[in-house]
Amino acid sequence: MSPTTQYIKDKISDYGEAIILIGTRSDESSARAASIKKHEVKGERLRDHPLPNANAYAPIKDMTTDEVWTYLRLTRNPWTEDKNLEIQTLYTNGSGGDCPIVMDVKTPSCGNSRFGCWVCTVVKRDRSMEALVDNGEEWMRPLITIRDFLYKTIDRDREDYVAEEFRMPIRRNKAEGIGPYWPKWRFHILKMVLAAQKVASNEDENNQLISLQELAAIQVIWNRDYIYEYSVSDAYQEVYGEAVEFGQKTLDTNYEKELLKDICGDENDDIKLINQLLKAQKMKGLLVKKTGLQNDIENILQEAVRPTFTNFKKYNNNAD
């Protein structure tokens, strides 16, 4: 269940019903206009919503883009007039091309660009982000590189696409099919994100693409997928030239490794298994929510007894 759906359900539980305001407009595209018309209830301002006891309301569905910008220019709001101008400048730069200086309400706007998640791979090209780079937001160029890489390497119905080059032909439940990225590509993508964040933070220290909690969560996921040849700390070290730290905690497990060698001697399989269990526990301690540790331990033990995922990586050339 998505966070938004859960939030709406919580409000319905508290108040018995909910009305969801949405900013969709028929003027956006023919597809959006058709979608709005499809869900309208004739003679009603509200329209049905998939969730029980919920309705949707689109207050600006009949407004044009020019009317939206005219309203924002003439109406004071909690963000102040300067913030409105800043938002319009963002959309203007994201449109590509020059825009006229706004002297009165009759001057047409050119804020026709569309914005969404910067990493979205639904579209072939993110023209808004490309336009922003062309208009001076050079720090965003690495974001385009990452997005384009993801677009080219996810499962696509194209003749020139070879899924196995980037994605494992085994899923996390060990069933056959397009699975997650090969470990080397996950490591590569993480380094791309960290490098992009380094550039972004140099532009503005408030720019953050990935948090420490998210880095810890990535390491947990890698451990669950039996990836121990690559680590988040190594990626961070390669990009920033320093160890990643989480307050008083760190991802470093060198002490445990040396201690295990002294105790287990030449039993390399035992060393590897115990180290994996210790790392799973250590990583869980870095997360806000520490649930699921028992399940992680059971999966590690099961894979050690009856290896499937790890053997598949071991005997496939793409796993190098």
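Bear in mind the structure is a predicted one, so any value in this text is a computation, not a measurement. Residue positions are counted from 1 within each chain, in the order its sequence is given. With the structure being a predicted model, the display of local features is reserved for residues of pLDDT at least 70 and the display and counting of side-chain atom pairs for 80 or more, all residues being used for whole-chain, interface and lining totals. To get the side-chain values, take all heavy atoms of the structure and skip hydrogens and water.

Peer 1: For this particular structure, what's the right way to read the pairing of strand β3 (residues 54-57)?
Peer 2: The side chains of a regular strand alternate between the sheet's two faces. Only protein chains enter the accessibility calculation, which uses a 1.4 Å probe; a residue is then buried when its area is under 20% of its type maximum, exposed when over 50%, and partly exposed in between. Each helix is a run of DSSP H or I of at least 4 residues and each strand a run of E of at least 2, with the numbering of both proceeding from the N terminus. Only one face of β3 is covered, namely the one carrying Ala54 and Ala56; the face carrying Asn55 and Tyr57 has none of its residues buried. Strand pairing is assigned whenever DSSP detects at least two bridges linking the two strands. Relative to β3, strand β1 (residues 18-21) runs parallel, the two being bridged by four bridges. The partner of Ile20 across the bridge, within β3, is Ala56. Pairing of strand β2 (residues 47-48) with β3 involves two bridges; the strand directions are antiparallel. The residue of β3 that forms the bridge with Arg47 is Ala56. Where β2 folds back on β3, the antiparallel hairpin that results is connected by five residues, among which Asn53 adopts a positive phi of roughly 65°.

Peer 1: Got a minute to help me understand the packing of aromatic side chains in this structure?
Peer 2: The geometry of an aromatic ring pair is captured by the separation of the ring centres together with the interplanar angle, meaning the angle of the planes. Side-chain rings of Phe, Tyr and Trp, where Trp is taken by its six-membered ring, are said to pair if the distance between their centres is within 6.5 Å; with planes under 30 degrees apart they count as stacked, over 60 as edge-to-face, and otherwise as tilted. Tallied over the entire structure, the rule returns five aromatic pairs. Between Phe166 and Trp185, the aromatic rings sit 5.0 Å apart at their centres with planes inclined by 55°, giving tilted as the arrangement. Linking Phe166 in the loop between α6 (141-153) and α7 (183-203) with Trp185 in helix α7, this pair joins segments that are 19 residues apart in sequence. Comparing Phe166 with Trp185, the two get one shared label, buried. With a centroid separation of 5.1 Å and an interplanar angle of 35°, the aromatic rings of Phe187 and Tyr230 are classed as tilted. Here the residue Phe187 occupies a position in helix α7, and Tyr230 occupies one in the loop between α8 (212-224) and α9 (232-240), the gap between them amounting to 43 residues. Linked through ring pairs, Phe149, Phe166 and Trp185 together constitute an aromatic cluster. Here, a charge over a ring means that NZ of Lys or CZ of Arg falls within 6 Å of the ring centre while also lying within 35 degrees of the ring normal. A cation over a ring is seen here: Arg167 above Tyr181, with NZ or CZ 5.4 Å from the ring centre.

Peer 1: Any chance you could explain the confidence of the model for the chain here in plain terms?
Peer 2: Predicted coordinates in areas of low pLDDT are best not read in detail. Counting all residues, the mean pLDDT for the chain is 78, and 77% of those residues have values of 70 or more. pLDDT under 50 marks residues 97-111. Its contacts with residues more than four places away, or in other chains, come to 28 contacts. Note on scores: pLDDT gives the predictor's confidence for each residue, bounded by 0 and 100. Any two residues whose heavy atoms approach within 4.5 Å are treated as being in contact.

Peer 1: Looking at this structure, I do not really get the sheet that holds β1. What am I missing?
Peer 2: Within a sheet, each strand pairs with its neighbour through backbone hydrogen bonds, oriented either parallel or antiparallel. Ordered by their spatial adjacency, three strands build an open sheet running β1-β3-β2, and the pairing between neighbours is mixed. Bordering the open sheet on either side are β1 and β2, each of which pairs with just one other strand.

Peer 1: Can you walk me through the environment of Ala56 in this structure?
Peer 2: Note on placement: Ala56 falls in strand β3. Considered as a pair, Ala56 and Arg45 are eleven residues apart in the sequence and their alpha carbons are 8.9 Å apart. If we skip the residues at most four places from it in the chain, Ala56 touches Ile20, Ile22, Arg45, Leu46, Arg47 and His49.

Peer 1: Explain unusual backbone geometry here, please?
Peer 2: Backbone geometry follows two general trends: most residues other than glycine have a negative phi, and most peptide bonds adopt the trans configuration. A positive phi angle, close to 65°, is found at Asn53, a residue other than glycine. Tracing the sequence through the fold places Asn53 in the loop between β2 and β3.

Peer 1: How do you make sense of the nonpolar core when you look at a structure like this?
Peer 2: If you look at soluble globular proteins, the nonpolar side chains tend to sit buried side by side. Core analysis: the biggest nonpolar cluster contains 35 residues, and Met140, Phe149, Tyr181, Leu190, Leu194, Leu215 and Trp222 have the highest contact counts within it. When residues of this core are traced back to their parent elements, those giving at least two are α5 (127-134), α6, α7, α8 and α9. If one sorts the elements of this core by residue count, α7 sits on top with nine residues. The definition of a nonpolar core used throughout is a set of buried Ala, Val, Leu, Ile, Met, Phe, Trp, Tyr and Cys residues joined through side-chain atoms within 4.5 Å. Core analysis: the next-biggest nonpolar cluster, separate from the first, contains six residues, Ile8, Ile12, Ala18 and Ile20 among them.

Peer 1: Could you clarify how one ought to interpret the pattern of salt bridges in this entry?
Peer 2: A side chain with one charge may pair with a side chain of the opposite charge, provided their charged atoms come close. For this document, the term salt bridge refers to a Lys or Arg side-chain nitrogen within 4 Å of an Asp or Glu carboxyl oxygen. Taken as a whole and assessed by the stated rule, the structure comprises ten salt bridges. Glu28 is the salt-bridge partner of Arg32, the closest N and O atoms lying 3.3 Å from each other. Since its relative accessible area comes to 26%, Arg32 is described here as partly exposed. A cluster of three or more residues bridged by salt bridges with shared partners is formed by Glu40, Lys61 and Asp62.

Peer 1: What's the story with the environment of Glu137 in this structure? I'm lost.
Peer 2: Mapped onto the elements, Glu137 comes out in the loop between α5 and α6. Assessed through its relative accessible area of 29%, Glu137 is described here as partly exposed. Each C-alpha atom of the pair Glu137 and Glu203 lies 9.2 Å from the other, and the pair is 66 residues apart in sequence. Polar contact criterion, stated in full: a pair of N or O atoms within 3.5 Å, where within protein one must be able to donate a hydrogen and the other to accept it, and residues adjacent in sequence count only if both atoms are side-chain atoms. Within polar-contact distance, the side chain of Glu137 engages the side chain of Trp139 at 2.8 Å.

Peer 1: Explain α6 here, please?
Peer 2: Three- or four-residue spacings in an α-helix give side chains the same orientation, since the helix completes a turn every 3.6 residues. Any helix carries an expected span of 1.5 Å times its number of residues minus one. Taking 1.5 Å of rise per residue, 13 residues should cover 18 Å, and α6 covers 19 Å from first to last C-alpha, within 8% of that figure. For α6, every residue scored as buried is listed here: Leu143, Ile144, Ile146, Arg147, Phe149, Leu150, Tyr151 and Thr153. Turning to α6, the residues buried within the fold contact α5 and α7.

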